[in-house]
Amino acid sequence: MDIRQLRYFLAIAREGQITRAAKALNMEQPPLSRQLKLMEQELNVTLFDRNGNKLMLTPAGELLQRKAENLLLQFNETLQEVKELDDGVQGILSIGSVVSCISLVPPKIEMFRKTYPQVTFKILEGDHFLLGYHLEKRQIELVVARLPFESDEGSDHYSVLPLPSDPFVAVVPRKWSDDPDKTTMKMSELASYPLLTLKTDRTTGLHEKVMNECRRHGFEPNIICECSSVAIIMALVEAGIGVTVFPKSVMTSFPLPNIRVLNIIDAEFQSDVGLVWLKDRYLSKSARHFIDMFAK
């Protein structure tokens, strides 16, 4: 069995039909059918159950699919690494970011492109679990995220470059304050406000940090909304629905006229930020240089 046959097998598994797989591979159906038969004979297993026109993977087929995907990924990464040995830093760098870290990305891209103008970028925004999935599928190489990085794989699966911590600030509707010069507040003041928090069904890190700090100051916050979108929370604050507590860097992406950002003078919590990538996996030359730039 060779790489070519593994590609054929994965196409059939993906399409669920010989006809569609042959079309996707730009080849005739009979040769593809013969290759599948040869693979099953060599392995002495049935890789697909035939259900009418639909091909369903058997347990043996599912195992081969998982292994073949990893083998082809490693094969392609090896080819890419060899090709890059004599090339300059160029091509497409695909990165991901949680929305609360987006403001950290543009200055780094601007700095990077001054040195490496041949590199272009693809940027994906999402929560930890979505970005972890795309890292695993090698659709992105790096992620800028709040720490710890919450995903299905667990923290041991990733390498992390810690970035400077980010203090939390209170974000309140401007019309709620009679003092135009007010720039600070105490945690205890949050007890009297309706609170909006950033939380999804699976990512709870920022939410729990805010909750724990409130409890450390002796009160249970009055949460009136849990939301997965920073933009929606900011719109709700601007409309006077409630207040929120966000890492300070978030606010550079939301210069809204009807909000006020107040430093919390007695808070002890910080938001940890990091650059995340798959441990012990190939990184493109541009990704390695991007990491080096963040480390400086």
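Structure: see above.
Residues numbered from 1 in each chain as written. Predicted model: local features only at pLDDT ≥ 70, side-chain atom pairs only at ≥ 80, totals over all residues. Heavy atoms only, no water.

Engineer: Tell me what's going on with the pattern of salt bridges, and back it up with residues and numbers.
Structural biologist: Scanning the entire structure with this criterion turns up 12 salt bridges. We note a salt bridge from Arg20 to Glu15, for which the minimum N-O separation is 3.8 Å. Residue class for Arg20 comes out partly exposed when judged on its relative accessible area of 38%. For Glu15, a relative accessible area of 22% gives the class partly exposed. Residue Asp272 pairs with Lys209 through a salt bridge whose shortest N-O separation is 3.8 Å. Highlighted residues: Asp272 in strand 12 (residues 270-278) and Lys209 in helix 7 (residues 205-216), separated in sequence by 63 residues. With relative accessibility at 24%, the residue Lys209 sits in the partly exposed group. (Salt bridge = Lys/Arg side-chain N within 4 Å of Asp/Glu carboxyl O. Buried < 20%, exposed > 50% of the residue type's maximum accessible area, 1.4 Å probe, protein only. Helix = DSSP H or I, 4+ residues; strand = E, 2+ residues; numbered from the N terminus.)

Engineer: I'd like to hear about the packing of aromatic side chains, residue by residue, with values.
Structural biologist: One pass over the structure, following the stated rule, counts nine aromatic pairs. Centre to centre, the rings of Phe112 and Phe290 are 5.3 Å apart; their planes meet at 75 degrees, and the pair counts as edge-to-face. You can see Phe112 sitting in helix 5 (residues 105-115) and its partner Phe290 sitting in helix 9 (residues 285-295), a full 178 residues away along the chain. What makes Phe112 buried here is its relative accessible area of 1%. Every member of this aromatic cluster is reached through a ring pair, and the members are Phe112, Tyr116, Phe121, Phe290 and Phe294. Above the face of the Phe294 ring, Lys108 is positioned so that its terminal group lies 5.1 Å from the ring centre. If you follow Arg202 out to its NZ or CZ, it ends over the ring of Phe129, 3.9 Å from the centre. (Phe/Tyr/Trp six-rings, centres within 6.5 Å; stacked < 30°, edge-to-face > 60°. Lys NZ or Arg CZ within 6 Å of the ring centre and 35° of its normal.)

Engineer: Go over unusual backbone geometry, please, and point to the residues and values.
Structural biologist: That bond from Leu147 to Pro148 is cis: its omega, 0 degrees, falls within 30 degrees of zero. Looking at the element boundaries, Pro148 is found in the loop between strand 5 (142-146) and strand 6 (158-173). With a phi angle near 65 degrees, Arg138 is a residue other than glycine that sits in the positive phi range. Assignment of secondary structure puts Arg138 in the loop between helix 6 (128-136) and strand 5. Of the residues examined, Arg138 reaches a relative accessible area of 17% and is grouped as buried. The phi dihedral of Asp280 falls on the positive side, at around 55 degrees, and the residue is not glycine. The topology assignment puts Asp280 in the loop between strand 12 and helix 9.

Engineer: Mind laying out the pairing of strand 10 (residues 243-247), listing which residues take part and the relevant values?
Structural biologist: Most of strand 10 sits inside the fold, with five of its five residues counted as buried. Where strand 6 and strand 10 come together, four bridges link them in antiparallel fashion. Across the sheet, residue Val171 finds its bridge partner in strand 10, namely Thr244. In the sheet, strand 8 (residues 194-198) pairs with strand 10 via two bridges, with the strands oriented parallel. Pairing of Leu195 across the sheet is with Val243, part of strand 10. (Pairing = 2+ DSSP bridges.)

Engineer: Lay out the packing of helix 2 (residues 18-25) against helix 3 (residues 29-43) in plain terms, naming residues and giving numbers.
Structural biologist: In the contact formed by helix 2 and helix 3, the axes pass within 9 Å of each other and the chain directions differ by 110 degrees. As judged from the angle between their axes, helix 2 and helix 3 are roughly perpendicular. In this structure, helix 2 contributes Ile18, Thr19, Ala21, Ala22 and Leu25 to the contact, and helix 3 contributes Gln29, Leu32, Ser33 and Leu36. In terms of residue class, the contact of helix 2 with helix 3 is built from six nonpolar, three polar and no charged. (Axes fitted to C-alpha atoms, helices over the stretch in contact; angles between N-to-C directions. Parallel < 35°, antiparallel > 145°, perpendicular 65-115°, else oblique. Contact = heavy atoms within 4.5 Å. Nonpolar A, V, L, I, M, F, W, Y, C, P; charged D, E, K, R; others polar.)

Engineer: Provide a residue-level description of the environment of Met185, including the pertinent values.
Structural biologist: By the secondary structure assignment, Met185 is in strand 7 (residues 184-185). Not counting chain neighbours up to four residues away, the residues in contact with Met185 comprise Ala170, Leu190, Tyr193, Leu262, Asn263, Ile264, Ile265 and Asp266.

Engineer: Hey, could you go over the packing of helix 1 (residues 3-15) against helix 3 for me, with residue numbers and the actual values?
Structural biologist: Where helix 1 meets helix 3, the closest approach of the two axes is 10 Å, and the angle between their N-to-C directions is 105 degrees. With respect to their mutual orientation, helix 1 and helix 3 come out roughly perpendicular. Counted together, Arg4, Gln5, Tyr8, Phe9 and Ile12 of helix 1 and Leu32, Gln35, Leu36, Leu38 and Met39 of helix 3 form the full contact between these two elements. Taken together, the residues of the contact of helix 1 with helix 3 break down into seven nonpolar, two polar and one charged.

Engineer: Could you give an account of the side chain of His134, naming the residues involved and the relevant values?
Structural biologist: Its place among the elements puts His134 in helix 6. Classification of His134 as buried rests on a relative accessible area of 16%. Discounting residues that sit within four places of it in the chain, His134 has contacts with Leu124, Gln139 and Ile140.

Engineer: Account for the pairing of strand 5, with residues named and values stated.
Structural biologist: Within strand 5, five of the five residues are buried, which leaves the element mostly enclosed by the surrounding structure. Residue alternation in strand 5 divides its side chains into two sets, Leu142, Val144 and Arg146 and Val143 and Ala145, and both sets are buried. Examined bridge by bridge, strand 3 (residues 91-97) and strand 5 share three bridges and lie parallel to one another. Pairing of Ile95 across the sheet is with Leu142, part of strand 5.

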